[in-house]
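Read off the chains here:
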Amino acid sequence: LFDGIYPFYPQQRKAAVFDISTIIVIVVFLTLACSFLLITPGIRGRARLYWTLRVLLSLFVGVVIVVVQFTGDWETGWVQANTSYKSFSPVQVNADIGLHIGLAGVNVTLRGNPVQQINETINYNEHFPWSLGVDYEHSYSEGLQKGLPSPILYVAEKFSPQSPCAVHRQYRIAGHYASAMLWVAFCTWIISNILFSMPVLVYGGYMLLATGAFMIFSLLSFSTVRNSPMCLIQIGTRALHLAYGGSFWLMLAVGLLCFVAGITIVAMHHLNLDLLKTFFDLREDKAEEYQEMPEVFINPHFVNQGL
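Position numbers for residues count from 1 along each chain, tracking the sequence in the order it is written. Only residues with pLDDT of 70 or above have their local features reported here, since the model is predicted, and side-chain atom pairs are shown and tallied only from 80 upward, although totals for entire chains, interfaces and linings are computed over all residues. Where side-chain values are given, they derive from all heavy atoms of the structure, hydrogens and water being excluded.

## Quick look at the layout of surface pockets
Its boundaries defined by the atoms lining it, the largest pocket holds a volume of some 800 Å³. Around the largest pocket sit 31 residues that line it, and Arg54, Val55, Ser58, Phe196 and Phe280 are the ones nearest its centre. Note on conventions: DSSP H or I runs of at least 4 residues are helices, E runs of at least 2 residues are strands, and numbering of each starts at the N terminus. Looking at the lining of the largest pocket, the elements that each hand over two or more residues are α1 (20-39), α2 (47-67), α5 (168-197), α6 (201-223), α7 (246-271) and α8 (273-279). The element best represented in the lining of the largest pocket is α2, accounting for 8 residues. Any residue with an atom within 4 Å of a point lines the site, the site being either a cavity, points on a 1 Å grid over the protein atoms alone where a 1.4 Å probe fits but cannot get out, or a pocket, an open set with protein on both sides within 12 Å along at least 5 of 7 lines. Grid points are joined across faces, edges and corners, and a volume is the space filled by probe spheres set on the points.

Below is the structure:
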């Protein structure tokens with residue numbers, strides 16, 4: 001206590017799903033998309049539709065691969081319960097407690113029902129990082145020193161290295177390898193776009209398949225934490241249960257989309273190359289390559305001399 005009251009909480013809170021890094025990535029890719037849309041009127045005929053579909057779809061895959069690195073909803077869980085609000089106090093509040101797990105850390109949310117209770121505003125959202133090079137225990141200790149509400153400290157303690165739950169190491173390693181797989185997928189996505197622009201269509205399709213494969217590998221890496229038994233998170237009389245969140249299912253959908261697109265491109269290369277070249281706006285190049293010379297003039301003087 002500070003002069004008989006609980007200490008003021010001045011720290012800027014981190015969003016559970018979106019943060020500054022996520023917004024920056026989205027703005028960058030939206031700028032690229034808008035820049036392309038500005039030049040689409042200069043593309044003639046049906047090729048305009050094909051170009052728009054290819055570019056927007058490719059940008060969507062790229063932004064998803066990068067954005068999910070910073071989101072915090074790979075696993076989520078919510079519970080509404082009556083729980084104690086402060087340590088060494090019998091006062092209880094009715095609140096929603098949310099848990100959001102990402103690749104780099106965990107967010108714990110506490111929101112009162114209603115927000116204004118016991119003459120206070122109960123609306124907290126705390127981030128505890130566990131990425132490599134970051135000390136989770138230090139973040140947890142800072143939360144103790146600041147006097148965070150008891151439900152937040154209770155949930156955060158479950159993921160600390162000293163907790164009997166012993167899930168900190170599993171989540172940290174799984175998130176690290178999932179992030180590494182996603183960065184490899186981002187590199188293969190760039191290579192596939194380079195191959196499509198050269199154009200080497202079939203190899204671009206192969207790299208698109210590799211992109212989808214690494215995205216699926218990242219999901220499998222993160223899913224390994226399910227092999228470890230999770231401690232029961234008991235809030236009052238209710239239990240908080242975790243399930244895969246939006247980022248996990250979005251990655252699964254985009255990974256399958258890359259598989260379908262890559263298989264389609266490879267199959268069309270072997271079965272209907274002309275249709276594939278039409279979609280990539282390459283038929284004119286082929287026509288010019290095989291265009292026959294209509295008329296040839298020969299000087300008879302050189303013919304007579306055997307030249």
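Now that the structure has been shown, the text picks up again.
## Points about the packing of aromatic side chains
Side-chain rings of Phe, Tyr and Trp (the six-membered ring for Trp) are treated as a pair once their centres are within 6.5 Å; stacked means planes under 30 degrees apart, edge-to-face means over 60, and tilted covers the remaining angles. For the coordinates displayed, the defined rule picks out 17 aromatic pairs. A centroid spacing of 6.0 Å and a plane angle of 90 degrees characterise the contact between Phe214 and Phe217, whose relative ring orientation is edge-to-face. Taken together, the residues Phe214 and Phe217, both in helix α6 and 3 residues apart, mark about one turn of the helix. Summary of the burial criterion: residues with accessible area below 20% of their type's maximum are buried, those above 50% are exposed, and those between are partly exposed, where the area comes from a 1.4 Å probe applied to protein chains only. On the accessibility criterion, Phe214 (24% relative accessible area) is partly exposed. Residue class for Phe217 comes out partly exposed when judged on its relative accessible area of 41%. Joined through ring pairs, the aromatic side chains of Trp74, Phe128, Trp130, Tyr136, Phe159, Tyr171, Phe222, Tyr244, Phe248 and Trp249 make up one cluster. Positioned above the aromatic ring of Trp51 is the side chain of Arg54, whose terminal nitrogen or guanidinium carbon lies 4.4 Å from the ring centre. Our definition puts a charge over a ring when NZ of Lys or CZ of Arg is within 6 Å of the ring centre and also within 35 degrees of the ring normal.

## Description of a nonpolar patch on the surface
Residues enter patches when their relative accessible area tops 30% and they take part in no salt bridge; the joining distance is 9 Å for like charges and 5 Å for the nonpolar side chains Val, Leu, Ile, Met, Phe, Trp and Tyr. In these tables, accessible area is a Shrake-Rupley quantity obtained with a 1.4 Å probe, and a residue counts as shielded only by the protein chains included in the view. One speaks of a salt bridge when a side-chain nitrogen belonging to Lys or Arg is within 4 Å of a carboxyl oxygen belonging to Asp or Glu. Where nonpolar side chains cluster on the molecular surface, the patch consists of Ile20, Ile23, Ile24, Val27, Val28 and Leu32 and spans about 560 Å² of accessible area. Tracing the backbone through its elements, the reader meets Ile20 in helix α1.

## Examining unusual backbone geometry
Note that the residue after Asn113, namely Pro114, is joined by a cis bond; omega there is 0 degrees. Considering the arrangement of structural elements, one finds Pro114 in strand β3 (residues 105-117). Of note, the amide linkage connecting Met198 to Pro199 takes the cis form, showing an omega dihedral of -5 degrees. With respect to the helices and strands, Pro199 occurs in the loop between α5 and α6. A positive phi angle, near 45 degrees, is found at Ile118, a position not held by glycine. Locating Ile118 in the fold gives a position in the loop between β3 and β4 (120-129). The phi dihedral of Asn119 falls on the positive side, at around 65 degrees, and the residue is not glycine.

## Section: the pairing of β3
Pairing between strands is defined by DSSP: at least two bridges between them are needed. Pairing of strand β2 (residues 92-101) with β3 involves 7 bridges; the strand directions are antiparallel. Each residue of the ladder has a partner; that of Asp96, found in β3, is Arg111. Linkage of β2 to β3, two consecutive antiparallel strands, is achieved through a turn of 3 residues. Here β3 runs beside β4; their pairing, made up of 9 bridges, is antiparallel. Paired with Asn107 across the two strands is His127, which belongs to β4.

All we've got here are geometric facts, nothing functional implied.
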